[in-house]
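# Tertiary structure, described
Each chain, written out:
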Amino acid sequence: MNHTESAYGLWSLVIINSAIFIMFAFSFFKPATARDWRTFGAFAAFIVALFVEMYGFPLTIYLMSGWLQTKFPNLDILSHNSGHLWSTLLGEKGDPHFGVLHIASYVFLGYGFYLLSTAWNVLYHAQRRQSLATAGPYARIRHPQYVAFVMILLGFLLQWPTLLTLVMFPVLLLMYGRLAITEENEMRKQFGAEYDSYAQRTPRFIPRMGKSESTNDSVSKR
């Protein structure tokens, strides 16, 4: 292993990066209920765990160090580039920031935050009117904000996988899935047949190909 200078122990970057992404997501999601805060809290925990390993203490690299040094004897495991494990494990050459997976992560992150912001705008107006509607991303799927969070998390996993975040990811998927069902039951009680009609023509998470049939402009759920 050729070690030059450690890219870790940079706790100021952990705090700054965590704060930026959490506040950015908060500005679009704006949690109001206890359930909203659980949703956002789980997302925030994932972000903090990610940046702690990216800039603070590389737990995953530490636990895998023996195997990595055996498999890749010339690898500087304490360099920042080595933390991009997908690139290392796939044997990619050159700067991992320009790799296919890293570029794909930017696509997931960018669209995830875009979807989160557009969904919140529709939701905000719907809640003010106390009405059910189906415009914007809600015309394609019933839970665009949960899908947005998952896309953002997946984007980070493509960029910087860690053992902790890989474990957290399926747990968060299950959590968001259960929350979605709970919200649907509440919407069904509130809007009755109107919501049943909306749910019948609109997929829960994965949009159908083609133009959506929904044309209304609000929805009072996430």
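The structure displayed is predicted, hence computed values, not measured ones. (Residues numbered from 1 in each chain as written. Predicted model: local features only at pLDDT ≥ 70, side-chain atom pairs only at ≥ 80, totals over all residues. Heavy atoms only, no water.)

Side-chain pairing between opposite charges can occur once the charged atoms of the two side chains come close. All chains considered together, the criterion is met by five salt bridges. Among the ionic pairs, Glu184 bridges to Arg142, the shortest N-O distance being 3.1 Å. Note that Glu184 is positioned in helix H7 (residues 163-191) and Arg142 in the loop between helix H5 (100-129) and helix H6 (144-159), a separation of 42 residues in sequence. Residue classification places Glu184 among the buried residues on the basis of a relative accessible area of 3%. Ionic contacts of the salt-bridge type, sharing partners, join the residues Arg35, Glu183 and Glu186 into one network. (Salt bridge = Lys/Arg side-chain N within 4 Å of Asp/Glu carboxyl O. Helix = DSSP H or I, 4+ residues; strand = E, 2+ residues; numbered from the N terminus. Buried < 20%, exposed > 50% of the residue type's maximum accessible area, 1.4 Å probe, protein only.)

One finds Phe43, Phe46, Phe51, Phe149, Phe156 and Tyr176 to be the most contacted residues of the largest nonpolar core, which totals 43 residues. Of all the elements in the fold, those that place two or more residues in this core are helix H1 (11-29), helix H2 (34-56), helix H3 (59-71), H5, H6 and H7. The dominant element in this core, judged by the number of residues it contributes, is H2, at eleven residues. Residues within four places of Phe46 in sequence aside, it is in contact with Leu153, Phe156, Leu157, Thr165, Met168 and Leu172. (Core = buried A, V, L, I, M, F, W, Y, C linked by side-chain atoms within 4.5 Å. Contact = heavy atoms within 4.5 Å.)

Okay, a nonpolar patch on the surface next. Taken together, the side chains of Trp11, Phe57, Leu59, Tyr62, Leu63 and Leu163 make up a nonpolar region of the molecular surface, amounting to roughly 630 Å² of accessible area. Ranked by residue count, the leading element in the nonpolar patch is H3, at three residues. With respect to the element layout, Trp11 can be found in helix H1. A relative accessible area of 44% places Trp11 in the partly exposed class. (Patch = residues over 30% accessible without salt bridge, like charges linked within 9 Å, V, L, I, M, F, W, Y side chains within 5 Å. Areas by Shrake-Rupley, 256 points an atom, 1.4 Å probe, with all protein chains shown as cover.)

Across the protein chain, the average pLDDT comes to 87, with 91% of residues at or above 70. Confidence drops under a pLDDT of 50 for residues 212-222, and excluding neighbours within four residues, the segment shows 59 contacts in the predicted structure. (pLDDT = per-residue confidence, 0-100.)

What follows covers the UniProt feature "transmembrane region" (unreviewed entry) in the protein chain. The sites that carry the UniProt feature "transmembrane region" (unreviewed entry) are, in the present numbering, residues 6-29, 41-64, 103-126 and 146-176. Counted over residues 41-64, helix gives 92% and strand 0%. Its end C-alpha atoms are 29 Å apart. (UniProt positions renumbered as here; feature names shortened; annotations may be inferred.)

Time to look at H7. Taking 1.5 Å of rise per residue, 29 residues should cover 42 Å, and H7 covers 42 Å from first to last C-alpha, within 8% of that figure. Regarding H7, the residues found buried are Thr165, Met168, Phe169, Leu172, Tyr176, Gly177, Leu179, Ala180, Glu183, Glu184, Met187 and Phe191. Positive backbone phi, approximately 60°, marks Gly192, located one or two places after H7. (Expected span 1.5 Å × (residues − 1).)

Right, let's talk about the packing of aromatic side chains for a bit. With the rule as written, the count across this model stands at 21 aromatic pairs. Where Phe29 meets Phe149, the ring centres are 5.0 Å apart and the plane angle is 70°; that geometry is what we call edge-to-face. With Phe29 in helix H1 and Phe149 in helix H6, the pair connects residues that are 120 residues apart, well separated along the chain. Using a relative accessible area of 0% as the deciding quantity, one classes Phe149 as buried. Centre to centre, the rings of Phe43 and Phe149 are 4.7 Å apart; their planes meet at 45°, and the pair counts as tilted. Of this pair, Phe43 sits in helix H2 while Phe149 sits in helix H6, placing them 106 residues apart in sequence. Here Phe43 and Phe149 have matching classes, each one buried. (Phe/Tyr/Trp six-rings, centres within 6.5 Å; stacked < 30°, edge-to-face > 60°.)

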